[in-house]
Each structure stands twice: as structure tokens, then as C-alpha cells.
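These are the residues of each chain, in order.
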Amino acid sequence: MTRPQTNDPLLAPFTLGKLNLRNRIVSTSHASMKDDGGMPGERYQAYHEEKARGGLAMTMIGGSAMVSRDSSWGGGQLDMSDDRIVPYLQSLATRVHAQGAAVMTQISHLGRRANAFHGEWRPTIAPSPIREIRSRGFPREMDRDDIDRVISDYADAARRARDGGLDGVETLCGGHLIGQFMSPLANRRTDEFGGSLENRARFGLMVHEAIREAVGDSIAIGIRLVIDEGTEGGLSAEDGIALARMFEREGLVDFFDAIYGRMDSDLFLSEDNMPGMFQPDAPYLTSVARFRAETTLPLIHAGGIRDTATARHAIREGIVDLVGMTRAHLADPHLVQHLLDGTEDRIRPCVGASYCLYKKATCIHNAATGNELSIPHTVPRADTPGRVVVVGGGIAGLEAARVCALRGHDVLLLEAGAQAGGQLGLAARGPERANLIGLVDWRLAELTRLGVDVRMNCYAGLDDILAETPDTVFVATGGLPDLDGIDGAEFCVSTWDILSGTVTPAAHVLIHDGTGRAPAPSCALRVRQTGGKVTFTTSDGMIGQEMPYQDNTGYRKRFARQGIGVMPDLDLIRVTRDTNGISAEFAHCFSREVVTLHADQIVVEHGTQPLNKLYRDLMSSKAFSGKVHLLGDAAAARDVHAAVREAYVTAISV
């Protein structure tokens, strides 16, 4: 690592207990789903090693790592309940430490969040027999034997972390077992573990007492504490401060990791715990600052802190001591090295798309993250640079041009439109998805830095390509809205028409979604902004079938509040014009009952048809002997990550 030549507060060292950290940026615990049967094997280790190589101070592993056999949610967790994990931890710690970073693990018991229909099919346990909406299990109330057993399991898990060479452990409150005891929403006990806040804190205090007894001061011990559940009847901000003071008074922890809100439903989890695109950046900092003013132990916080400017503010103002930039490191695991190199403007941005929560530890626009064993993060130089032409300035074309330029090729990008971005430009027209334009802007800035020749308003045909004498051509010409299979397509408009503003919404708009993705619901919100009435139909059982839960619940909440009616399980059969406007005929997916709806305008979202004539022309041309690659939606309608990954993997081999 390069030594910092700056007074940037993010790069200032910090001491956490006996642990010396090289800067203030950490990646907090999360379920990466990279484990091998609960063990942090090669995939898991490579994923965390890359972040350590990129310069952060500490990476935290084991999101919800299970301390007991009845704490499984069905896979994807580290299993800290068995000594067999110790050699895996030793290997991981050695690799992370070799890169100059520290490594901790989270250890937890899920309580009522566990899955009773997995592994050994053990019943879920909880302080009280209250069902959680999200996990949907019916827990058994814990007796004293359960309590003593789980406390012992926590201590054993901490010992395994120490023996594995890790630098610390943190427990998790929130919707997990310790937090379930603390929260009056989940704890209705009348014994010494229920009732008053002091009684409800007793289990957590006993857990940490056992952990401290097991490992002493040899490693750092922390608690990921809910500082405010933000719900009437739940833990208040005052309760959060009172809980913190109890732990400080007992001397059982070395740091707090502050989290806000509840996680017992998709909506609570996305709005109050893991903010998605419907929430602003860093939404909980004000609450964290209040908590910090009343407590003394070192403080970590991660919650929608996606950029270095916000992180720097949190450190400089003393709101936190260590800032968690977990999803930002999924986008760019070399974030800190950019700060050290003075290339902060080159950091690949986290845009809050929550794709990493939909496809675990997979960034929407970084193909290598989570795939370190097969896809390199650093683009190698080509042995023999050549001439590359990329046709299409959507996300696939931009990524291919960027990677080819990094390889050292002479790159020309031709875009038929006046602006680059393709469908992302349309997507960003919706206020809730505006940050997606960052995927385009970052790549355009990189192309400028790399000296790529970018030409807009250039509709390229075969002769235009041949005139550039390329060695390799990437055809990333995208697609057009697929309405061809609809009987009565001439009476329909596409979501593109509405989102782009080329068609004005009518007074009553019927929107049919055949994809389960964001364009149709985003279009519905756009129509409501104009004051129009919206009827929304979908072939799926609910809106947003193919979305992260943060986006799905965000749209569902806004539909409900704005009076947008949803009719699920309907297949569109035909569209006709009648005296009342336009009629759409549907068949119910299950009953096949025919339903006819009337509106002033019919909008259909059915994906795209590939625009690949240029590819076919190049492949059949005897005048071109170079390589041709078809990318993105020009091959088939997919999502952003699929386009980026295909472009990256293909271009890195050219």
C-alpha cells in the first residue's frame, strides 16, 4: 500500500481496543452467499482478500454467522457452531492480514428468524412465541435451558474466531435473538428476561459476559446495536442510549456498530435498515449523531453511505469513528487505494441499485466482485494492441469500450443517438431510479480519460464499419420495445414512449407488465405525476416479480399510497379500439376467465427485441475478416449486470 500523503480524515489511523487500524473505512458483515456448506472456502476468502488488497482498514465477515444449530435460515451463512471452521478462518485471516487489513466476524443467533424446515429441522426459538412476518416461522418460547445453551454457544463461537486468528467479533441485535429479547415488540415475557428494559437487556449482557470470559481481551468485542426501532411501541432512541450505557457500564464491549430500525418485514428492512433506491443516501446519520453524543465507546455505522464525500463528513464531524462502506466496496473494492493514489474521481460508484441484495454480493456494474476466482478485477494489457470499433453506447457498449481501452487498444465508439446510456437513460427519468445514470456517467468519464474516440449521432452500417478497418467489432446496438406479438399492437404504446416523454399520458392509462421488472411500475408512477388515472395489470402474481425486495416494496408502497390499482395474473390477449377509447382483453392465468378493461391509452412492457442486423451483416461479409462480438440486449433482453458482465468478460480476452 502507498502511504497517504494527505490529511484526509478517512485515511487517519484508529485504535479499536488493542487493534490498530490503518484508516477509517471498513466493510461491515453481510451474507455474501460465497460459503461452501457454511465454511469460508476459496471463493469466500478471495472475495474478502480483494477488499483488503484494495486498502480498507477492516473487513467483517459472517453476516448472521450461526452460533447454534437452530440458527439457520436455509444456507448462505458461516457456521460458527462447529470447530471445523477454525482452519478456514486461519487461512482467511492470514490472507487478509498479509494485505495489511484486519478481519472480524459477526456471530449471531437468528431466533425467530431461523428456518425450521432446513438442515436438522429444529423448531425456531424466541423470547416469546410471536411470529415474524418476513421469516414466517412460528417460534417456541425459550426456557432457561435454551437460554443457557445459546449463551454458551455464543462463547464457543467467539473462541473459534479467536483460535481462527480473527481480530474480533460482533454480535447482532436488530431482528436477531439478542434484539428480540430487547424489543418490546418481540418480548412479552414476565420473568427476569422480560418487562423492564433492564430485564430485556439481561440476555444480551449475559451473552457478552460469556464471550468476554471465553476470549478475554485477546480480540475486540462489539455489538451491532439497534439505536432506535423507529416504530411506536418499539425501542426508542432513548432506549437505545440506555442500552448502550448498560453495556458501557459493564465493560463487556469495545465498540458499538449502530443500526437503525426494524428488519422483520421486507418494507422495514428496506426503509429502516438496508436502504434501497427509494431512500436517500445515508438516511440514518442524524439518529447516529444523537446516539454518539450520549455514548463514549468507538462507533461504527453503515447504512446507505455510498460515496466518499458522505463518509468523510461522518468522520470529520465526529459522528462515527469508523465508516462502513460495504456496498460501495462491492462496486469498487479498491476504493481506498484510489484515495491513496489521488484518483478519487475514478472510484466506481455505488448507485444504490440493491442488485447486491437481489443477487448476493453481485454488483450491478462490477463483473468481478464475488467472482474473483474466475474474473480479474484488474484489466491486463493486451499483448498486441489493435483497432476496436464498438457500435452502441448503452451500458454494454460503454463497458466494452472501457475495457478495450484499458487493454491498450485503439477504440472508437459509435452511438446512433445524441446521448449515450441507452435504456439506462430512460430508467433514470424516474426520480426513484435517477442514480442509475451514474453507471453511464462514470464510464463516459473513463472513456474520456482513456482517450476513446466517442461519436454521437452516428448510425453505423456495414460500410461505415469497414471504413474504420477494425480488427474487432463489438455490436451492442441494444433492442427495441417488443410489441410485435400483441394482437392490436398498433393501438399500444411502450413504456419507452411514456418515460422518454415522446408520448403524453392520457387521462386514464392502462399499463400491462409482462416482465416483472422496473420499467412498467416506474412508468405508472410517471403517469400519476401527471395526474392521470392508472390501472396496472401484470402476468405475474404481484408487481416487481424480478426486483430486489427493496425496490419491490418501494413500488408497492407508492402504488398503495397513490391509488394505483393492481390486477395480477392476467395475460394480455388482444387490444382493440372501440367507441369508449381502447379495450384490452385479458385471460386470467389460472382460471382462463376473460377480462376486458377499457382505458384511453394502453401501455405495454414486454421487454425488447434485439437489433442485430449489423451483426448479421458483419458475419456474412466477405470484406471483413476480423472478430465480431454481440453484446447486451442486441443478443437478448436481460438486465444491466448481465450486459456488463458479458461485455467485461468478452473484452478482457480481446
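Residues numbered from 1 in each chain as written. Predicted model: local features only at pLDDT ≥ 70, side-chain atom pairs only at ≥ 80, totals over all residues. Heavy atoms only, no water.

**Student:** Quick question: what am I supposed to make of the overall build of the protein chain here?
**Tutor:** Looking only at helices and strands, the protein chain has 21 helices and 27 strands in total. On C-alpha atoms alone, the protein chain measures out to a radius of gyration of 27 Å, which is about the 26 Å that the 2.2 N^0.38 rule sets for 654 residues. The contacts of the protein chain with a sequence gap of at least 6 include a subset with a gap of at least 24, amounting to 71%. Carbon and sulfur atoms make up 48% of the accessible area of the protein chain, which totals about 25100 Å². Measuring between centres, the 68 positive side-chain charges of the protein chain sit 1 Å from its 83 negative side-chain charges. (Helix = DSSP H or I, 4+ residues; strand = E, 2+ residues; numbered from the N terminus. Rg over C-alpha atoms; globule rule 2.2 N^0.38 Å. Contact = heavy atoms within 4.5 Å. Areas by Shrake-Rupley, 256 points an atom, 1.4 Å probe, with all protein chains shown as cover. Lys, Arg positive; Asp, Glu negative; His and termini not counted. Charge placed at Lys NZ, Arg CZ, Asp CG, Glu CD.)

**Student:** Explanation requested: the sheet that holds strand 23 (residues 581–588) in the structure shown.
**Tutor:** Sheet strands pair via backbone hydrogen bonds, and the direction of the pair is either parallel or antiparallel. Spatial ordering of the open sheet is given by 22-23-24, a layout of 3 strands whose pairing is antiparallel. What marks the edges here is a single partner per strand, and that holds for strand 22 (570–578) and strand 24 (594–599). Across the sheet, the axes of successive neighbouring strands diverge by a mean angle of 25°, strand direction being ignored. In the sheet, strand 22 pairs with strand 23 via 8 bridges, with the strands oriented antiparallel. Directly across from Leu572, in strand 23, lies its bridge partner Phe586. (Pairing = 2+ DSSP bridges. Axes fitted to C-alpha atoms, helices over the stretch in contact; angles between N-to-C directions.)

**Student:** Just to check I follow, could you spell out the packing of aromatic side chains for this structure?
**Tutor:** Each aromatic ring pair is described using two quantities: the centre-to-centre distance and the angle formed by the ring planes. Under the counting rule described, the total for this entry stands at 7 aromatic pairs. Considering the side-chain rings of Phe181 and Phe193, the 6.1 Å spacing of their centres and the 65° angle between planes classify their relative orientation as edge-to-face. Residue Phe181 is located in helix 4 (residues 177–182), and its partner Phe193 is located in the loop between helix 4 and helix 5 (197–215); the two are separated by 12 residues in the primary sequence. Phe193 carries the same exposure label as Phe181, and that label is buried. With a centroid separation of 5.2 Å and 10° between ring planes, the pair formed by Tyr260 and Tyr284 is classed as stacked. Of this pair, Tyr260 sits in strand 10 (residues 255–260) while Tyr284 is found in the loop between helix 7 (266–272) and helix 8 (285–293), placing the two residues 24 residues apart along the sequence. Here the two residues Tyr260 and Tyr284 agree in accessibility, since each one is buried. One aromatic cluster is present, formed by Phe181, Phe193 and Phe203 through successive ring pairs. In this structure, Arg134 packs its charged tip against the face of Tyr549, placed 4.7 Å from the ring centre. (Phe/Tyr/Trp six-rings, centres within 6.5 Å; stacked < 30°, edge-to-face > 60°. Buried < 20%, exposed > 50% of the residue type's maximum accessible area, 1.4 Å probe, protein only. Lys NZ or Arg CZ within 6 Å of the ring centre and 35° of its normal.)

**Student:** Help me understand the environment of Leu597 in this model?
**Tutor:** Structurally, the position occupied by Leu597 is in strand 24. Between the alpha carbons of Leu597 and Ala157 there is a distance of 59 Å; along the sequence they are 440 residues apart. Excluding its chain neighbours within four sequence positions, the residues that come into contact with Leu597 are Leu510, Thr535, Thr537, Met567, Ile582, Ser583, Ala584 and Phe586.

**Student:** Can you help me understand the pairing of strand 10 in this one?
**Tutor:** Working note: regular strand, side chains alternate between the two faces of the sheet. In terms of residue burial, strand 10 counts as a mostly covered element, since 6 of its 6 residues are buried. In strand 10, alternate side chains face the same way, and those of Phe255, Asp257 and Ile259 on one face and Phe256, Ala258 and Tyr260 on the other are all buried. The pairing of strand 9 (residues 220–228) with strand 10 spans 6 bridges and is parallel. If you follow Ile223 over to strand 10, its bridge partner there is Phe256. Here strand 10 pairs with strand 11 (residues 299–301) via 3 bridges, running parallel. The partner of Ala258 across the bridge, within strand 11, is His301.

**Student:** Would you mind going over the nonpolar core with me for this structure?
**Tutor:** Side chains of a nonpolar character, in soluble globular proteins, are inclined to be buried together. Ranked by internal contacts, the top residues of the largest apolar core, which has 95 residues, are Ile107, Met182, Phe203, Ile211, Leu225, Phe256 and Val323. In this structure, Ile107 is in contact with Ala65, Val67, Met80, Tyr154, Ala157, Ala158, Val169, Glu170, Thr171, Leu172 and Ile211, ignoring residues within four places of it in sequence. Membership of the second largest hydrophobic core comes to 40 residues, among which are Ala368, Ile395, Val403 and Ala476. (Core = buried A, V, L, I, M, F, W, Y, C linked by side-chain atoms within 4.5 Å.)

**Student:** When you look at the environment of Thr15 in this model, what are you seeing that I'm missing?
**Tutor:** As for its position among the elements, Thr15 is in strand 1 (residues 14–16). In this structure Thr15 comes out as partly exposed when scored by relative accessible area, which is 44%. Along the sequence, Thr15 and Pro298 sit 283 residues apart, while their C-alpha atoms lie 9.1 Å from each other. A distance of 3.1 Å separates the side chain of Thr15 from the side chain of Asn20, its partner in a polar contact. (Polar contact = N/O pair within 3.5 Å; in protein donor to acceptor, adjacent residues only side chain to side chain.)

**Student:** Hey, could you run me through the sheet that holds strand 5 (residues 102–107) in this one?
**Tutor:** Strand order in the closed barrel formed by 8 strands is 3-4-5-8-9-10-11-12, and the pairing between neighbours is parallel. Geometrically, the sheet is characterised by an average inter-axis angle of 30° between neighbouring strands, direction not taken into account. Pairing analysis gives 2 bridges linking strand 11 to strand 12 (residues 322–324), with the strands arranged parallel. Directly across from His301, in strand 12, lies its bridge partner Val323. Each of strand 5 and strand 8 (168–172) touches helix 3 (residues 144–163); the most contacted strand, strand 5, lies at about 165° to it.

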